[in-house]
Amino acid sequence: MKLNKQFIFSLVLMVLASAIYRVFPNRPMGFAPQMAIAVFAGSLFVNNKKLAFLLPLLSMFISDGLYQVLYMNGLTDISGFYGGQWKNYLLIIGLTSIGFLVKQEKIASIAGASVAAPTIYFILSNGLVWLGGGGWHRPKTVEGLMMTYADGLPFYPNSIYSTIFFSAVLFGSWYLIKRNASKLNVA
């Protein structure tokens, strides 16, 4: 795939828009585009893994930086940077790997990845919170683990909805761009 100026500009715009959207006040809990970007970037850049991993990480980092600025100025209760945050970045890298398996021409493949990514993130992130003693500091028992998963449930449905929605936007836009580009090359 050729990385021309317009394509690079589009990727930069996607990363900036997604980062800004993530810090919108009153955004539904868990409704953010970063997981969809991870799946999309993995699918788009199967042969350029560095770029595939960079796009969602950059989106997360910029939005975390924006959150930190807002937090330092008393405009939000959400801190941008905190201990253990590196785990979220590793999880996003893992979700990008799911994108490597996506068949762009198959809606079922995109839909499956769009449900798998937030599900895997939910299971692993809440498990890591429980192991690390974060969140509500649930006991290190099976019951405590289930309580931690219950604590994360308010975020889970919106993470699925947002990943499906933003995947549809990203993959749909990419399909239209490719279709129009091939029409222009034929003409």
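Residues numbered from 1 in each chain as written. Predicted model: local features only at pLDDT ≥ 70, side-chain atom pairs only at ≥ 80, totals over all residues. Heavy atoms only, no water.

Peer 1: Any chance you could explain a nonpolar patch on the surface here in plain terms?
Peer 2: Taken together, Leu3, Ile8, Val12, Leu16, Ile20, Phe24 and Leu66 make up a surface patch of nonpolar side chains, about 560 Å² in accessible area. Take the nonpolar patch: its biggest share by element is four residues, from helix α1 (residues 5–22). Position of Ile20 relative to the elements: it lies in helix α1. Looking at Ile20, the relative accessible area reads 43%, which means it is partly exposed. (Patch = residues over 30% accessible without salt bridge, like charges linked within 9 Å, V, L, I, M, F, W, Y side chains within 5 Å. Areas by Shrake-Rupley, 256 points an atom, 1.4 Å probe, with all protein chains shown as cover. Salt bridge = Lys/Arg side-chain N within 4 Å of Asp/Glu carboxyl O. Helix = DSSP H or I, 4+ residues; strand = E, 2+ residues; numbered from the N terminus. Buried < 20%, exposed > 50% of the residue type's maximum accessible area, 1.4 Å probe, protein only.)

Peer 1: Hey, could you run me through the environment of Leu57 in this one?
Peer 2: Within the secondary structure layout, Leu57 lies in helix α3 (residues 49–72). Note: C-alpha distance between Leu57 and Leu90 (33 residues apart in sequence) is 9.1 Å. Beyond its immediate sequence surroundings of up to four residues, Leu57 is in contact with Tyr89, Ile92 and Ile93. (Contact = heavy atoms within 4.5 Å.)

Peer 1: Explain the pattern of salt bridges here, please?
Peer 2: Going through the model one piece at a time under the given rule, you end up with two salt bridges. Across the pair Asp64 and Arg22 runs a salt bridge whose closest N-O atoms are separated by 2.8 Å. With Asp64 in helix α3 and Arg22 in helix α1, the pair connects residues that are 42 residues apart, well separated along the chain.

Peer 1: Sorry, what's going on with helix α4 (residues 86–99) here?
Peer 2: Its 14 residues place the ends of α4 21 Å apart at the C-alpha level, agreeing with the 20 Å of an ideal helix rising 1.5 Å per residue. Those residues of α4 not exposed but buried are Asn88, Tyr89, Leu91, Ile92, Leu95, Thr96, Ile98 and Gly99. Projection of α4 onto a plane perpendicular to its axis shows the buried side chains occupying an angular sector of 160°, all on one side. In α4, those exposed residues whose orientation departs by more than 90 degrees from the buried face are Trp86 and Leu90. Tucked inside the fold, the buried residues of α4 contact α2 (34–44), α3 and α5 (107–132). (Expected span 1.5 Å × (residues − 1). Arc of directions from axis to C-beta.)

Peer 1: Whenever I open this one, the environment of Tyr89 confuses me. Can you help?
Peer 2: Along the chain, Tyr89 falls in helix α4. Residue class for Tyr89 comes out buried when judged on its relative accessible area of 16%. For the pair Tyr89 and Val39, spaced 50 residues apart in sequence, the C-alpha to C-alpha distance is 14 Å. Aside from chain neighbours lying at most four places away, what touches Tyr89 is Leu57, Met60, Phe61, Asp64 and Phe81.

Peer 1: Would you explain unusual backbone geometry in this entry?
Peer 2: The backbone phi angle of Asn26 is positive, close to 65°, even though this residue is not glycine. Residue placement: Asn26 occurs in the loop between α1 and α2. What makes Asn26 exposed here is its relative accessible area of 80%.

Peer 1: Can you walk me through α2 in this structure?
Peer 2: Because an α-helix completes one turn every 3.6 residues, residues spaced three or four positions apart along the sequence face the same direction. Summarising burial for α2: 11 of the 11 residues are buried, a large majority. When α2 is considered as a whole, its buried residues turn out to be Gln34, Met35, Ala36, Ile37, Ala38, Val39, Phe40, Ala41, Gly42, Ser43 and Leu44.

Peer 1: What is the right way to read the side chain of Thr163 from this model?
Peer 2: Looking at the element boundaries, Thr163 is found in helix α7 (residues 156–186). Judged by relative accessible area, Thr163 falls into the buried class, the value being 0%. With residues up to four places along the chain from it excluded, the contact list for Thr163 reads Met35, Ala36, Ser114 and Pro118.

Peer 1: Which parts of the structure should I look at to understand the nonpolar core?
Peer 2: Proteins that are soluble and globular tend to have nonpolar side chains buried together. Of all hydrophobic cores here, the largest spans 33 residues; its most connected members are Met14, Phe40, Phe45, Leu55 and Leu95. Sorting the residues of this core by element identifies α1, α2, α3, α4, α5 and α7 as the ones contributing at least two each. Counting residues per element, this core draws most heavily on α2, which supplies eight residues. Those residues in contact with Met14 that sit more than four places away from it in its chain are Ile37, Phe40, Leu55 and Leu170. (Core = buried A, V, L, I, M, F, W, Y, C linked by side-chain atoms within 4.5 Å.)

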